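Below, each chain spelled out in residue letters.
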Amino acid sequence: MTQDRPIALLGGRVVTIDQEPLEDGAVLLRDGRVEAVGGRADVAVPEDAEVVDCTGGWLLPGLVDAHVHLGVWEEGEGWAGQDTNEMTDPVMAAARAIDAINPREQGFDDALMGGITTVNVNPGSGNPIGGQAVALKTYGRYVDEMVLRNPSGVKSALGENPKRVYGEQNKTPATRLGVALVLRKAFAAARSYRARVEAADAPVDTDLVGDILVRVLEREIPWRQHCHRADDIATALRLADEFGYRLVLDHGTESYLLADLLAEKGVPVLYGPLIVSRSKVEVRERSLRAPGILDRAGVEVSIITDHPVVPIEYLITQAALAVREGMDRDAALRAVTINPARVLGVDDRVGSITPGKDADVVLWSGDPLALSSRVLRTYLDGVEVYAFDEGTGTGGVRPR
């Protein structure tokens, strides 16, 4: 997917994320990259460029949702489209989300309509170790051409979900202490596997689980820890201290109760979903104020939808509600752009409008944190993949 001509986006308010906003700005896209950013008078527009008048609009980087089940938990498909959890064994570290993603699921179009150009697709939380996540662009014909980073993390779950799944089977783990035991045993086995490989004079039989957990132990891949309650968060911190891996908290419903500790340890939190009911005991304390509390404490916080729990196009709506409840608006925009990009290890390519980065840019009709604003155009790798016609009130995604 390439754009033959440069594209000059002129006249809008440019919110680059990593610099001060530019009024009457200009963004030049060429060969899939951001070539230049500045005031309209400061950016040279090539003669062959396609010029887009953005007057009155806002230009932002494509949004990033670091926790979704897009393509593995397909909406409206029932059991046929449910590939989120392989709940036949508590340790599924070798299972890979990329092998189950359907890039033609409707949710990918919804993402582009909502200005989201990068997502992280996770396995589910039915297992103590659910498998490998993958960071993707949200447009493509087949999943391999959409990949930004694979694996982008290994999904693990503490608390209610694995307890329920395996407790109902009368198998370990049926309790919180059992879940922690499964994780300790898996990492202890991975340490032993690493020692055998390092000491061997000849190749050691491949252990797919051991291979991926060794990469976690060596801090090459982050450990994506699903947890809600503060006591489960404390267990997540205890295990990370014990084994030395890079911890990321997914959901973190009660993380604001431990915000100072998380800031001290430098543990990022992917908070959400925010606009859901209190559907189970663990999420009774979820709060729209939490992202702001975490940010003010110095925690690197991102906002997530957990799509399809919250439809992905409402990512920015959740950020707006967090601002309403006290979060700094610039922090809220970072929470859906550069912060999640950094967690995924793809901030060298996405998360801000910066020369040299991927040309993932979204034109909004106005302030994206205002519920009356909508996405007018979504550019991914410098190609317009979504456009809304204000005259007819309809929009469409470029055919794949």
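Residues numbered from 1 in each chain as written. Predicted model: local features only at pLDDT ≥ 70, side-chain atom pairs only at ≥ 80, totals over all residues. Heavy atoms only, no water.

Looking at an unreviewed UniProt entry, one finds the chain named Amidohydrolase, with Ornithinimicrobium avium as its source organism.

K.L.:
Which residues make up the nonpolar core, and what values go with them?
P.N.:
Generally speaking, a soluble globular protein has its nonpolar side chains buried in company with each other. Grouped together as the largest cluster of nonpolar side chains are 100 residues, with contacts concentrated most on Leu9, Val121 and Trp223. Lining this core are residues from two domains, each supplying at least three of them: domain 1 (7-60 + 356-397) and domain 2 (63-344). Residues contacting Leu9, with those up to four places away along its chain left out, are Gly25, Ala26, Val27, Leu29, Val52, Cys54, Leu59, Val361 and Tyr379. Grouped together as the second largest cluster of nonpolar side chains are 12 residues, Val64, Leu270, Val343 and Leu344 included. (Core = buried A, V, L, I, M, F, W, Y, C linked by side-chain atoms within 4.5 Å. Buried < 20%, exposed > 50% of the residue type's maximum accessible area, 1.4 Å probe, protein only. Domains from an automatic or database assignment. Contact = heavy atoms within 4.5 Å.)

K.L.:
Now, about the side chain of Asp360: what can you tell me, with residues and values included?
P.N.:
Its place among the elements puts Asp360 in the loop between α10 (338-344) and β15 (361-364). Residue Asp360 is classed as buried on the basis of its relative accessible area of 3%. Excluding its chain neighbours within four sequence positions, the residues that come into contact with Asp360 are Leu60, Pro61, Gly62, Thr117, Thr118, Lys137, Val350, Tyr379, Leu380 and Asp381. (Helix = DSSP H or I, 4+ residues; strand = E, 2+ residues; numbered from the N terminus.)

K.L.:
With reference to specific residues and values, describe the pattern of salt bridges.
P.N.:
A side chain with one charge may pair with a side chain of the opposite charge, provided their charged atoms come close. Applying the stated criterion across every chain yields a total of 23 salt bridges. With its nearest N and O atoms 2.5 Å apart, the salt bridge here joins Arg229 to Asp231. Using a relative accessible area of 36% as the deciding quantity, one classes Asp231 as partly exposed. (Salt bridge = Lys/Arg side-chain N within 4 Å of Asp/Glu carboxyl O.)

K.L.:
Can you lay out the sheet that holds strand β8 (residues 116-121) for me, pointing to particular residues and giving the numbers?
P.N.:
Here we have eight strands laid out as an open sheet, ordered β7-β8-β9-β10-β11-β12-β13-β14, and mixed in their pairing. Edge positions in the sheet fall to β7 (63-68) and β14 (301-303), since each of these pairs with one other strand and no more. Strand-to-strand twist of the sheet, defined as the mean angle between neighbouring strand axes without regard to direction, takes the value 25°. Here five bridges tie strand β11 (residues 223-227) to strand β12 (residues 247-251), and the two strands are oriented parallel to one another. (Pairing = 2+ DSSP bridges. Axes fitted to C-alpha atoms, helices over the stretch in contact; angles between N-to-C directions.)

K.L.:
Describe in detail the sheet that holds strand β1 (residues 7-10), supporting the description with residues and values.
P.N.:
Across the sheet, four strands lie side by side as β4-β3-β1-β5; this open sheet has mixed pairing. With one partner strand each, in any of the chains shown, β4 (33-39) and β5 (50-53) form the two edges of the open sheet. Strand after strand, the sheet turns through a mean of 15° between neighbouring axes, direction not considered.

K.L.:
For the pairing of β1, give the residues involved together with the corresponding values.
P.N.:
Moving residue by residue along a regular strand, the side chains alternate between the two faces of the sheet. Residues Ile7 and Leu9 of β1 are buried on one face, and the alternating residues Ala8 and Leu10, pointing to the opposite face, are buried as well. Inspection of the sheet shows β1 paired to β5 by four bridges, in the parallel sense. Bridge pairing in β5 links Ile7 to Glu50. Where β1 and strand β3 (residues 25-30) come together, four bridges link them in antiparallel fashion. Note on β3: the bridge partner recorded for Ile7 is Leu29.

K.L.:
Quick one: what's the story with the layout of surface pockets, residue by residue and with numbers?
P.N.:
By volume, the largest pocket is sized at about 520 Å³. Considering the residues around the largest pocket, the lining is formed by 29 residues, among which Ser125, Asn161, Lys280, Asp306 and Val309 are closest to the centre. Residues of the lining of the largest pocket, tallied by class, amount to eight nonpolar, 16 polar and five charged. (1 Å grid on protein atoms, 1.4 Å probe; cavity = no way out; pocket = protein on both sides within 12 Å on 5 of 7 lines; lining within 4 Å. Points joined across faces, edges and corners; volume = space filled by probe spheres on them. Nonpolar A, V, L, I, M, F, W, Y, C, P; charged D, E, K, R; others polar.)

K.L.:
Summarise the packing of helix α3 (residues 176-199) against helix α5 (residues 230-243); cite the residues concerned and give the values.
P.N.:
Running from amino to carboxyl end, α3 crosses α5 at an angle of 15°, the nearest separation of the two axes being 12 Å. On the basis of their axis angle, the class for α3 and α5 is roughly parallel. By crossing handedness, the relation of α3 to α5 is classed as right-handed. Here Arg176, Ala180, Leu183, Arg184, Phe187, Ala188 and Arg191 of α3 lie close against α5, whose contacting residues are Asp231, Asp232, Thr235, Arg238, Leu239, Glu242 and Phe243. (Parallel < 35°, antiparallel > 145°, perpendicular 65-115°, else oblique. Left-handed = near helix turned anticlockwise from the far one by under 90°.)

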